[in-house]
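# Observations on the three-dimensional arrangement
Here is how the chains run, residue by residue.
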Amino acid sequence: VQLVESGGGLVQAGGSLSVSCAASGRTFSYTGMGWFRQAPGKEREFVAAINWSGRSTKYVDSVKGRFTISRDNAKKMVYLQMNSLKPEDTAIYYCAGDYLVTEVPRTDPIMYEYWGQGTLVTVSS
C-alpha cells in the first residue's frame, strides 16, 4: 500500500480543514488506517484510526468531538475532517496503514507498516 496525503495548509484558530490520503494497492480495503501527527520538537503522536470496514474508530482525547476520520474503500481514500482547530493542532499530519486486519483500530505507530510523506497543517492564533 502506498499513501499520499493532501489538503494541508494554513488556517486560523477555530477554523476547519480536511486532509485526505490517497492509497494504492489491492489490500487497501482490508487495511486499518490511521492519522498521526508530529509537531516541531515533539514525538509523533496518534490522532485517529479507523478499521478496515469503517465501522470502528478511535481518537486521541485532545481531538475527540473536533476531528472525524472516515474512509471510502471504493475510492481508496481516507479523510480527516478537522473542526474547531487550535494552534496546538499545528503539525505534520501523516496517513498510515496497519499491517494487520483488525476489528479494533490500533493507536501505536509501531503497528503501522505503510506511511505517507505527510502534509503540514498550521493553525494560527
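Relevant structure appears above.
Now for a look at the structure at hand. In every chain, residue numbers begin from 1 and rise along the written sequence. In keeping with the predicted nature of the model, local features appear solely for residues at pLDDT of at least 70, side-chain atom pairs appear and are counted solely at 80 or more, and the whole-chain, interface and lining totals rest on all residues. Side-chain measures here rest on the full set of heavy atoms in the structure, leaving out hydrogens and waters.

### Some points on the pattern of salt bridges
Take a side-chain nitrogen of Lys or Arg and a carboxyl oxygen of Asp or Glu: if they are within 4 Å of each other, that pair is a salt bridge. Per the stated rule, a full pass over the model turns up five salt bridges. Glu-45 is paired through a salt bridge with Arg-37; the nearest N and O atoms lie 2.6 Å apart. For Glu-45, a relative accessible area of 32% corresponds to the partly exposed category. As a salt-bridge pair, Asp-89 and Arg-37 come within 3.0 Å of each other at their nearest N and O atoms. Here Asp-89, found in the loop between β8 (77-82) and β9 (91-98), pairs with Arg-37, found in strand β4 (residues 33-38); they are 52 residues apart in sequence, far enough to count as distant. Here Asp-89 and Arg-37 have matching classes, each one buried. Residues participating in the shared-partner salt-bridge network are Arg-37, Glu-45, Arg-66 and Asp-89. Residue burial is assigned from relative accessible area. The probe radius is 1.4 Å, only protein chains are included, and a residue is buried under 20% of its type maximum, exposed over 50%, and partly exposed in between. Only runs of H or I of at least four residues qualify as helices and only runs of E of at least two qualify as strands under DSSP, and these elements are numbered from the N terminus.

### A word on the nonpolar core
It is characteristic of soluble globular proteins that their nonpolar side chains tend to be buried jointly. With 26 residues, the main nonpolar core has Trp-35, Leu-80, Met-82 and Tyr-93 as its most contacted residues. Going through the elements one at a time, β3 (17-24), β4, β5 (45-50), β7 (67-72), β8, β9 and β11 (119-124) are the ones with two or more residues in this core. The element best represented in this core is β3, accounting for four residues. In these notes, a set of buried Ala, Val, Leu, Ile, Met, Phe, Trp, Tyr and Cys residues joined through side-chain atoms within 4.5 Å is what counts as a nonpolar core. In this structure, Phe-36, Phe-46, Ala-96 and Tyr-112 belong to the second largest nonpolar core, which totals five residues.

### Brief notes about the packing of aromatic side chains
Between rings of Phe, Tyr and Trp, where Trp is taken as its six-membered ring, a pair exists when centres lie within 6.5 Å; planes separated by under 30 degrees are stacked, by over 60 edge-to-face, and by other angles tilted. Evaluated as defined, the whole model comprises six aromatic pairs. When the ring of Phe-36 is compared with that of Tyr-112, the centres are 5.0 Å apart and the planes differ by 75 degrees; the resulting orientation is edge-to-face. Taken together, the residues span a long stretch of sequence, with Phe-36 in strand β4 and Tyr-112 in strand β10 (residues 112-115) at a distance of 76 residues. On the basis of relative accessible area, Phe-36 is assigned to the buried category, the value being 0%. Note on Phe-36 and Trp-115: the rings are 5.1 Å apart at their centroids and 50 degrees apart in plane angle, and the pair reads as tilted. Within this pair, whereas Phe-36 is found in strand β4, its partner Trp-115 is found in strand β10, the two being separated by 79 residues in sequence.

Purely spatial values, then, with no claim about function.
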